[in-house]
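# Residue-level structure breakdown
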Amino acid sequence: MNLKTAALFLLCNSAAGWQVPASRSSALFTTKIASPTIGNSVEKKDSFASFQSALQMVATDPQISEGGRGGMFTATNSENRRVIPEDVRGRPTMKVVYVVLESQYQSSMTAAVKRINAGSDNMAVECVGYLLEELRNEDAFEQFKKDVEEANVFIGSLIFIQELAEKVTDVVQPLRDQLDAVLIFPSMPEVMRLNKVGTFTMKNLGQSKSVVSDFMKKKKQEDGSSFEEGMLKLLRTLPKVLKFLPSDKAADARTFMMSFQYWLGGSPENLESLMLMVGQDYVKPVIESIEAKGKEKVVMEEPVVLPDKAIWHPVAPEIVFENNAKYMEWYDKEFCPEAGIDVKTAPTVGVILQKSHINTKDDTHYVSLISELESRGARVVCIYSGGLDFSGPVEEYFYDAQGKPIVDTVINLTGFALVGGPASQDHKKAAQVLKKLNRPYMCAVPLVFQSFEEWQASELGLHPVQVALQVSLPEIDGAIEPIIFAGREGATGRSVPLADRVNLLADRAMKWANLRIKKNAEKKMAITIFSFPPDKGNVGTAAYLDVFDSILAVLKQMKSEGYDIGDAPMTKEEIMESVLNDPEAKIASPELNVAYRMNTEEYYDLTPYATELEENWGPAPGNLNSDGQNLVVYGKQFGNVFIGVQPSFGYEGDPMRLLFAKSASPHHGFAAYYTYLEKIFKADAVLHFGTHGSLEFMPGKQVGMSGTCYPDRLINSLPSAYLYAANNPSEATIAKRRSYSATVSYLTPPAENAGLYKGLKELKELISSYQGLRENEGRGPAIVNSIVSTAWTCNLDKDIDDLPDLEGYDAKNDTAERRDDIVGKVYAQIMQIESRLLPCGLHTVGVPPSAEEAIATLVNIAQLDRPEDKIEGLPRVIAASVGRDINDIYRGNNAGVLKDVELNDKVTEASRAAVRALVKQSTGADGRVKEVKNLFDEMGAAFGGMLGLKKPWTQAIIDAGFPDVNEERLAPLIAYLEFCLKQVVANNELGGIMELLNGEFLMPAPGGDPIRNPDVLPTGRNMHALDPSAIPTTAAIEVSEDVVRKLLENLQDQNDGAFPESIAFTLWGTDNIKTYGESLAQVLALVGVRPVADSLGRVNKVELIPLEELGRPRIDVVVSCSGVFRDLFINQMNLLDRGIKMAAEADEPLEMNFVRKHAMEQAEEMNVSLRDAACRVFSNSAGSYSANVGLAIENGGWEDESQLQDQFLTRKGFAFNADKPGMMEQQADLFKAALKTVDVTFQNLDSSEISITDVSHYYDSDPTKVVQGLRDDKKKPMSLMADTTTANAQVRSLAETVRLDARTKLLNPKFYEGMLSTGYEGVREIQKRLRNTMGWSATAGEVDNFVFEDANSVFIEDAEMQQRLLDTNPNAFRDMVTTFLEANGRGYWDTSDENIERLQELYAEVEDRIEGV
């Protein structure tokens, strides 16, 4: 074995488990191996020794030191970083304390100190280092304080976590004068202000008069650079100037800048120079000793630093290459031939590295990935940047001389956003740079705050701070696949590669590169559709998506781009038929088409984790997706395209499994499906079709999967593209992080106003008649009598408390004011129904909305004020033209004041007319939007202006009865609406899918509500959530305060002025993304806590609002967070917990602080501390989602309500504790004790697209009947919902909200006819809403009998409708009949025997039809 092969062999076969499959040709190390840091290349003999030492980190498993003092969950020990001189030899000792974000400086600092202690005559050094996260631990923090008190020099770097920055400042600030020097490298401004080198300080940093701050701001404006980049630019220019300035100040400033250069150099030699320089120039005992002994000061070597950007390779003869040509000359001509890499055919992987790891020789994790890629036959181009803006090196080194990209995939190993580090980012610039390159962009993550074992043992997975900095932020750049690839060795802090993760990363990078290189005709694609709940009538489930019509569109696009789709049918119905029915079985087969039968031997052979599933499911094949002998894969293959049906969770109908606190593993059939895709069908990629499947919700870590997490095991090396609804960024983010999916957003159907029908329409007409005849004493009262009678017929008595009784009421005996009051309240109710937005029909991928369909969306965009953009909403401008404030009109409207209801209606109609006029000018003859505001439109408008004509939208408002509207005041809004119109009708959904399948970079875009944030549009982009540290925003806090005020007023009105003591709250991930944290801010507002932004604008601390300012008691809260909220916003859970505990510990009167009152009672009752008793933030265990209440109701798998309540308490009773936030602890007793005090349950509705009967999530997390069962008095709590779907935010009872939802959707012909027009999927959508309505009966008992009765009239009593449903989707219609029977059987619907008999007969008839009898 030659030396080069031996080096690789050591790397790949060490005790840490590195193995390269024998079939792979190993990349060989060339004759010369570079020391992986500064210095010349060394010949073989020396290099082998140095390379062996570099590999020591691989050769042993990472260790956790004994007695480690952990931070958040960092069980490391600062004592490993303590160096005490063994023999002082009469020299003065300088003590250095340092705090760093990451551990790569540990070995260099230790080596530098040992070199000084061994070789310096002037001083000895005692040194101790802390990782920033360790300061959360009380013992470690106390030791840190002692060390700083004894220190001469303090060094800090990358201190960007607010609460820890405050801890550092609190310790160092009081000691700053006694310290000889304080060196702070890029950190939070308040930490930077601690700097002290002689007379040099940064005390004004971040304040208006700071020169450095001005320089930073100027640089950021010039080129979008981050704080660190600004520091580096300053660093490169200042020393040259300062060198020639005589003053002491300049000398001190030069010392600081030299120190920064030494620090960035990172090697032991550089850090030795740093400490010697600072010691002999600033540390008093050292200076005095040198002077007393007459010794010479040491002349420092200039900092030895690598170029700011370059190409690096671990075995190159030169340390780095500053241009492509030199690197390729060596790599292609010398390295690749010897390594067996075919330069002509090899895929090329671009790798982005962190320079500090190269400087500090902490690069073994980089070397291992490079060798894995090369052993698979890939070429690599590894680049780094001196700062944290990697866009320059990407632009310089990933292209050839002709400007053509030379890489096929890019992996960023730094864990940071492409432009900017933890402090500030330029996502727009990053996305532009990456789109120009147009290659898949993977951002892998090294463990920073955890050791390998801690991460493996943690259910949460990756440290929350790291998730925020190194997963969330890169996603906004467009990054995919946050795979953990390296850990940290406990004792030395050095990085170690994680064997199976590096293998996975290399495999996935190669597969993405393959998508770019392989010919389309040869690629094999798997389209995966869902069936949920598992039933033939539900195959092709996806939120608001016409799945089979969309698959047809994708197949046509594939065919046009040269993919082999075989004999795929070209109609939606034929595709559906081919997947749904097995032609081998009888007609109307209950079984789907079987694509493959996998015998158990093949299954166990190809599925390495199959035996581990037996604990939950017994031996394969089991009874799910099985024919008794084989595992069955459902689907149909057309050429190289397979359309498959993903199996369900498997435990939907099993009451015992639904009750488990933690979710079960996937069943054998589920595992077999993904084994088939990857290893038998051999798909090049899988396209998951619509929102959403089960893969991403399988058990495993929250973020940062390990090889034992089921999403990771199932998807394995398959590239995954995932079509996700644009309004659901939270679950899309789960899919990105847990199943490594690149998401493609799709539009939800265009929303229309719900309109009125039947009696509601009649009421509107009666009110219109009354408005003209109200003064007529004969006809006016008669019309009011008809209004009252019709309102009773429409069940509006449930919504209008003082609607007169039919018996004995005659309006002619009433006053005119009272008549107006009655009509006003009825009018307000029907306007609320009519104007509610209703998504109509289902969306087909690639079909943008027509002009008409765009109008309702734009009307709703136009109604919102956008103060941050200086845009007033259309209703505000129109109302101002008649001297009214729109908020006053809303208040009067909500109170049923007739003139305000009339005016609100008139303003709404004027808004619609104006938007219609705007859209009309851009509408072509085909009803589609042509180019918005083209040259001819501009010329026509200019000409019209010269003639004194009003713009069409202004004229429309004038014609609607507002002659004095200000056209100039409308201008900013109209310009914004024109931009939004372009966005609404633009469409790249098919393009986005194909970009991913062709191995290209898909542009990122936020997900959310397109009405609140039109930047969500156009769809067809890679959807991301938001920077979690950005919420709640100031605007969200303002809205939340208004909602909390309305909520408490509502509750006081109903409780004789008394405040509620405790409110149970539900927090959702998507809702908080859409609203930028409104519901999160509501919880804080109730408790009387204010979120505070740090100096970088990130919200990560809270402060108590004094009671005098609050003006009311602090309300206790019990917060149930969805599993998705927990995954995305664990730092906000930390914020909530800290705020609530702050309130509990405030020494205030108990009658003014219900948090403290209840926490004290529970502390005594449960014998725990006050702080532990104040835990109020709960969720599922890590890796589990929902209370499974929705699953039970959707599948009928529940005995009675007590089972649902037990499920809720068992699955949602895991407490988050900011004092030990590394875990979700089961605290069922504490959860029950907190819920027992609840007076009110509360949820938010923030989007017209997803309402409370559209999905099961809302009732799944509703604790109303749970609380009733726990309360001593068994009284059911009030149940309220905030509705912020329009500018007129309201708080309603849950019953009122259910009625409103039923009237606008389930019972509304506009809704159900729209759904039925889409066919098969539409019947399922109608049935889903009926089932979800029953869900509210089960969890809250807040569904009126008339809702079921009217639904029965519409869908069952009408023989023609009944037949349409039966013919279109018999399976879904059977579920509908079952739901009606179940609602009656469980006591939720009281109806006639005749209705029940009809349903029973119908059930038997449908069953026979489905079975083919």
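Given the structure is predicted, the values throughout are model-derived calculations rather than measurements.

## With respect to the overall build of the chain
Looking only at helices and strands, the chain features 58 helices and 36 strands. The 1413 residues of the chain split such that 64% are buried. A separation of at least 24 residues holds for 76% of the contacts in the chain among residues at least 6 apart in sequence. Approximately 48,900 Å² of the chain is accessible, and the part contributed by carbon and sulfur atoms is 50%.

## Notes on the nonpolar core
Of all hydrophobic cores here, the largest spans 212 residues; its most connected members are Leu373 and Ile529. Residue contacts for isoleucine 529: discarding those within four places in its chain leaves Val539, Gly540, Val547, Phe548, Ile551, Val579, Ile643, Gly644, Val645, Gln646 and Phe689.

## Overview of the packing of aromatic side chains
Considering all chains together, one arrives at 38 aromatic pairs under this definition. Feature note: the residues Tyr105, Phe185, Phe200, Phe256, Phe260 and Trp263 constitute an aromatic cluster, connected by ring pairs. Residue placement shows arginine 1126 over the ring face of tyrosine 1185; its charged tip is 5.0 Å from the ring centre.

## Quick word on the sheet that holds strand β4 (residues 181–184)
Read from one edge of the open sheet, six strands run β2-β1-β3-β4-β5-β6, paired in mixed fashion. What marks the edges here is a single partner per strand, and that holds for β2 (124–131) and β6 (200–201). Across two bridges, the pairing between strand β5 (residues 196–197) and β6 is antiparallel. Residue pairing for β6: lysine 196 is matched across the bridge by threonine 201.

## Side note on unusual backbone geometry
Cis geometry marks the peptide bond from alanine 620 to proline 621; its omega dihedral reads 10°. Within the secondary structure, proline 621 is located in the loop between α23 (614–617) and β18 (630–638). For the bond running from leucine 1017 to proline 1018, omega is -5°, close enough to zero to count as cis. Not every positive phi belongs to a glycine, and asparagine 716 is a case in point at roughly 45°. Counting through the fold element by element, asparagine 716 comes out in the loop between α26 (710–715) and β21 (720–725).

## Some words on the pairing of strand β27 (residues 1062–1067)
Most of β27 is tucked away: six of the six residues are buried. Judged by which residues are buried, β27 turns out to be covered on both faces: Ser1062, Ala1064 and Thr1066 on one side and Ile1063, Phe1065 and Leu1067 on the other are all buried. One ladder, built from six bridges, connects β27 with strand β30 (residues 1116–1121); its direction is parallel. Bridge pairing in β30 places alanine 1064 opposite valine 1118.

## Brief notes about helix α25 (residues 668–680)
Think of an α-helix as 3.6 residues a turn; residues three or four steps apart then line up on the same face. Most of α25 sits inside the fold, with 11 of its 13 residues counted as buried. Residues of α25 that are buried: His668, Gly669, Phe670, Ala671, Ala672, Tyr673, Tyr674, Thr675, Tyr676, Leu677 and Glu678.

## Some details on the packing of helix α31 (residues 851–862) against helix α34 (residues 898–920)
α34 packs onto α31 with a crossing angle of 130° between their chain directions and a minimal axis gap of 9 Å. On the basis of the axis angle, α31 is oblique to α34. As for the relative orientation of α31 and α34, their crossing is right-handed in sense. Two secondary-structure elements touch here, α31 through Ala851, Glu852, Ile855, Leu858, Val859 and Ala862 and α34 through Arg912, Val915, Arg916 and Val919. The residue inventory of the contact of α31 with α34, partitioned by class, reads seven nonpolar, no polar and three charged.

## Considering the pattern of salt bridges
As enumerated under the stated definition, the model contains 88 salt bridges in all. In this structure, the salt-bridge partner of glutamate 166 is lysine 1101, at a minimum N-O distance of 3.0 Å. Taken together, the residues glutamate 166 in helix α5 (residues 162–175) and lysine 1101 in strand β29 (residues 1099–1104) connect sequence positions 935 residues apart. Residues glutamate 1325 and lysine 1328 are paired through a salt bridge, measuring 3.5 Å at the closest nitrogen-oxygen approach. Of the two residues, glutamate 1325 and lysine 1328 both sit in helix α54 (residues 1320–1339), three residues apart, roughly one turn of that helix. Among the residues examined, glutamate 1325 registers a relative accessible area of 3% and is labelled buried. We classify lysine 1328 as partly exposed; its relative accessible area is 28%.

## Side note on the sheet that holds strand β35 (residues 1278–1283)
Within a sheet, adjacent strands bond to each other through the backbone by hydrogen bonds, running parallel or antiparallel. Read across the open sheet, the eight strands follow the order β33-β32-β31-β30-β27-β34-β35-β36; overall the sheet is mixed. Bordering the open sheet on either side are β33 (1225–1226) and β36 (1290–1293), each of which pairs with just one other strand. Note: strand β31 (residues 1177–1179) against strand β32 (residues 1214–1215), two bridges, orientation antiparallel. Opposite phenylalanine 1178, over in β32, you have alanine 1215 as the bridge partner. Strand contacts of helix α49 (residues 1228–1235): β27, β30, β31 and β33, with the helix running at about 130° to β30, the strand carrying the most contacts.

## So, the side chain of lysine 523
Mapped onto the secondary structure, lysine 523 falls in the loop between α19 (499–517) and β16 (525–529). For the buried lysine 523, no salt bridge is present, and the opposite-charge side chain at shortest range is glutamate 561, 7.5 Å distant. A polar contact of 3.0 Å, which involves the side chain of lysine 523, links it to the side chain of asparagine 520. A distance of 3.0 Å separates a polar side-chain atom of lysine 523 from the backbone oxygen of leucine 997.

## A closer look at a negative patch on the surface
On the surface, Asp1393, Glu1397, Glu1401, Glu1405, Asp1408 and Glu1411 cluster together to form a negatively charged patch. In this fold, aspartate 1408 is placed in helix α58 (residues 1393–1411).

## Quick notes on the packing of helix α55 (residues 1345–1357) against helix α57 (residues 1370–1385)
Where α55 contacts α57, the two axes come as close as 12 Å, and the packing angle between them is 150°. Between α55 and α57, the interaxial angle falls into the category roughly antiparallel. For the element pair α55 and α57, the recorded crossing hand is left-handed. Counted together, Phe1348, Ala1351, Asn1352, Phe1355 and Ile1356 of α55 and Phe1373, Met1376, Val1377, Phe1380 and Ala1383 of α57 form the full contact between these two elements. Tallied by class, the residues present in the contact of α55 with α57 amount to nine nonpolar, one polar and no charged.

## Quick word on the environment of alanine 754
Mapped onto the elements of the fold, alanine 754 is located in the loop between β23 (751–753) and α28 (758–773). Under the relative-accessibility criterion, alanine 754 is labelled buried at 2%. For the pair alanine 754 and arginine 1303, spaced 549 residues apart in the sequence, the C-alpha separation amounts to 8.9 Å. For alanine 754, the contacting residues outside a window of four places in its chain are Ile833, Glu834, Arg836, Leu838, Thr1304, Asn1308 and Lys1310.

## Re the pairing of strand β28 (residues 1089–1093)
In regular strands, side chains alternate between the two faces of the sheet. The pairing of β28 with β29 spans five bridges and is antiparallel. Paired with proline 1091 across the strands is valine 1102, a residue of β29.

Calculation rules
Residues numbered from 1 in each chain as written. Predicted model: local features only at pLDDT ≥ 70, side-chain atom pairs only at ≥ 80, totals over all residues. Heavy atoms only, no water. Helix = DSSP H or I, 4+ residues; strand = E, 2+ residues; numbered from the N terminus. Buried < 20%, exposed > 50% of the residue type's maximum accessible area, 1.4 Å probe, protein only. Contact = heavy atoms within 4.5 Å. Areas by Shrake-Rupley, 256 points an atom, 1.4 Å probe, with all protein chains shown as cover. Core = buried A, V, L, I, M, F, W, Y, C linked by side-chain atoms within 4.5 Å. Phe/Tyr/Trp six-rings, centres within 6.5 Å; stacked < 30°, edge-to-face > 60°. Lys NZ or Arg CZ within 6 Å of the ring centre and 35° of its normal. Pairing = 2+ DSSP bridges. Axes fitted to C-alpha atoms, helices over the stretch in contact; angles between N-to-C directions. Parallel < 35°, antiparallel > 145°, perpendicular 65-115°, else oblique. Left-handed = near helix turned anticlockwise from the far one by under 90°. Nonpolar A, V, L, I, M, F, W, Y, C, P; charged D, E, K, R; others polar. Salt bridge = Lys/Arg side-chain N within 4 Å of Asp/Glu carboxyl O. Lys, Arg positive; Asp, Glu negative; His and termini not counted. Polar contact = N/O pair within 3.5 Å; in protein donor to acceptor, adjacent residues only side chain to side chain. Patch = residues over 30% accessible without salt bridge, like charges linked within 9 Å, V, L, I, M, F, W, Y side chains within 5 Å. Charge placed at Lys NZ, Arg CZ, Asp CG, Glu CD.

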